[in-house]
Each structure stands twice: as structure tokens, then as C-alpha cells.
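Results of the structural survey
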Amino acid sequence: MLVFLLSIYSVSSVHSEKGTGSLNVNPGESSNKFEVTGDTVLSNKECFIWYDTVWNEDMMTIYVHDSLKGILVEEIFKFWNGTAYIESSKTVYVYDGSDHRIKEFILNWSGSQWDSLTINFFSYDGNYNLIENVSVQFMTVWDSSTKIKMAYDADNNMTEAVYQNWDSIIWVNNFRNTFTFNVNNEMTDMLGEMWDSAGWQ
């Protein structure tokens, strides 16, 4: 039996991390730490790596929040090139009137401009459960490439996630996860299946 772990994150989460922290590995091995500065609208999270007896800059994430609602609207990722932080990629988030994320634009820094890489579209049911995630990627043209369709039971437990690929004409099933829950809404089983011409296997 093949089991595929569902990797859908919460599309309504808001970043609110403040302060400093560290992640230390075994003594004598590499370690890293982060520092977070800023306010509720604009904040920076900087990661350092312990190397050659000193902390060295590694990467930085800039978080931009809506000044009225506090929701995350943009993330900018930068990497240290030895002398300064340089842009790497950026993600821009779009929400509906209920503050649920409906679009996500992922862009790459070319050195002079932001180039589009991926657009993610999110759809919800009446209970605001995520029921569809379509990822459209840019190669030489925009091409709808992947879709995840989710189903839920009456208690809003996800019971199925179907992964599909775009073949330039229609969406084709790839694999799916099905989940079983008990009366306490605890997951008791997960089944992963691949699709072939005979159906789900």
C-alpha cells in the first residue's frame, strides 16, 4: 500500500513571531539561530549559522502585514552573498472579504525584476474548508499543472484528497489519500492509492 502524506498548510494562518531563538545541534556541530525584529506591520526574521567560531549571516525573511487586519500579505526571502542580503523570491497573498486566502503569487528575483513562477488558487466550501488548490506554473507560458481536491465529512474532517495533473486538455487523476475517523473525530486509518487505467489501485 502506498501512502502519500498530504502537504496542505493552513491558508488562513498569520505570522506573528517576535523575539529571538536558536536551534542547536550536538556540541561541535553546526548550529543556527534566528532573530526577529520589527512591528505588527513589517518584521524581519534573520537566520545565522555558527561557522568558524562566529555567527554568520545566512538568510532573511521579511514579513509584510496588512496594517488594518494584521494578515500576512507578502513574504520576501533573501540570502546572504558574503557581503549583503540579496533578493531570492517573494510570495504575495490575496484574501477574500472573510480573510481566507484565495490566491498566492510566487515570484523569483532575476537580478533586475520579479518574474512570476507560480500562482496558487484556493477554493472553500460553506464551512470555509479548503476544497480545491490549483497550482499554475510558468515555464515558457502559463500552464495549469496540478490540482488537489478535498472532501470533508459532517464534522469537517478531511476524508479525501485527490491529486490531479493537467495533460493540456483535461485533469487526470494521479493519486489520492482517503482518511477514516472515529466518533471522537480521531483519524483511525489513511489509505494511499495510485490511479491507472483500471481505476484506483
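Here is what the cut-offs are and how they apply
- Residues numbered from 1 in each chain as written.
- Predicted model: local features only at pLDDT ≥ 70, side-chain atom pairs only at ≥ 80, totals over all residues.
- Heavy atoms only, no water.
- Helix = DSSP H or I, 4+ residues; strand = E, 2+ residues; numbered from the N terminus.
- Contact = heavy atoms within 4.5 Å.
- Areas by Shrake-Rupley, 256 points an atom, 1.4 Å probe, with all protein chains shown as cover.
- pLDDT = per-residue confidence, 0-100.
- Salt bridge = Lys/Arg side-chain N within 4 Å of Asp/Glu carboxyl O.
- Buried < 20%, exposed > 50% of the residue type's maximum accessible area, 1.4 Å probe, protein only.
- Patch = residues over 30% accessible without salt bridge, like charges linked within 9 Å, V, L, I, M, F, W, Y side chains within 5 Å.
- Pairing = 2+ DSSP bridges.
- Core = buried A, V, L, I, M, F, W, Y, C linked by side-chain atoms within 4.5 Å.

Scanning the chain for helices and strands turns up zero helices and 14 strands. Counting from the amino terminus, helix and strand elements in the chain follow one another as β-β-β-β-β-β-β-β-β-β-β-β-β-β. For the chain, restricting intrachain contacts to residue pairs at least 6 apart in sequence, the fraction spanning at least 24 positions comes to 21%. When the accessible surface of the chain is split by element, carbon and sulfur atoms take 53% of a total near 12200 Å².

Let's shift gears to the confidence of the model for the chain. Residues at a pLDDT of 70 or more form 84% of the chain, whose mean pLDDT is 83. For residues 1-28, every residue scores under 50 in pLDDT, and the model assigns this stretch 64 contacts once sequence neighbours within four places are set aside.

This paragraph deals with the pattern of salt bridges. Taken as a whole and judged by the stated rule, the model has six salt bridges. With its nearest N and O atoms 3.8 Å apart, the salt bridge here joins Glu132 to Lys147. Of the two residues, Glu132 sits in strand E9 (residues 130-138) while Lys147 sits in strand E10 (residues 142-152), which places them 15 residues apart along the sequence. The class of Lys147 is buried, set by a relative accessible area of 11%. For Glu193, the salt bridge is made with Arg176, and the minimal N-O distance between the two is 2.8 Å. On the criterion of sequence distance, the pair formed by Glu193 in strand E13 (residues 187-196) and Arg176 in strand E12 (residues 171-181) is long-range, its members being 17 residues apart. Just as Glu193 is buried, Arg176 falls in that class too. Beyond isolated ion pairs, a larger network of salt bridges with shared partners links Glu160, Arg176 and Glu193.

The next point concerns a nonpolar patch on the surface. There is a patch of nonpolar side chains on the surface, built from Ile169, Ile170, Val172 and Trp195 and spanning about 380 Å² of accessible area. Relative to the elements of secondary structure, Trp195 occurs in strand E13. A relative accessible area of 36% places Trp195 in the partly exposed class.

Checked against the element boundaries, Tyr51 lands in strand E3 (residues 42-51). Note on Tyr51: relative accessible area 60%, which makes it exposed. For the pair Tyr51 and Asn32, spaced 19 residues apart in sequence, the C-alpha to C-alpha distance is 9.2 Å.

It is worth spelling out the pairing of strand E4 (residues 54-65) at this point. Inspection of the sheet shows E3 paired to E4 by ten bridges, in the antiparallel sense. Across the sheet, the residue bridging to Ser43 is Tyr63, located in E4. Counting the residues that bridge the hairpin from E3 to E4 gives two residues, and of these Asp52 lies at a positive phi of roughly 60°. In this antiparallel pair of consecutive strands, E4 and strand E5 (residues 72-80), the connection spans six residues, and Gly70 shows a positive phi of 80°.

Counting residues in hydrophobic clusters, the biggest one holds eleven residues: Phe122, Tyr124, Leu130, Ile148, Met150, Met158, Ala161, Tyr163, Phe175, Phe179 and Met190. In terms of residue count, strand E11 (residues 158-166) provides more of this core than any other element does, three residues in total. Counting residues in hydrophobic clusters, the runner-up holds five residues, among them Tyr63, Leu72, Tyr93 and Tyr95.

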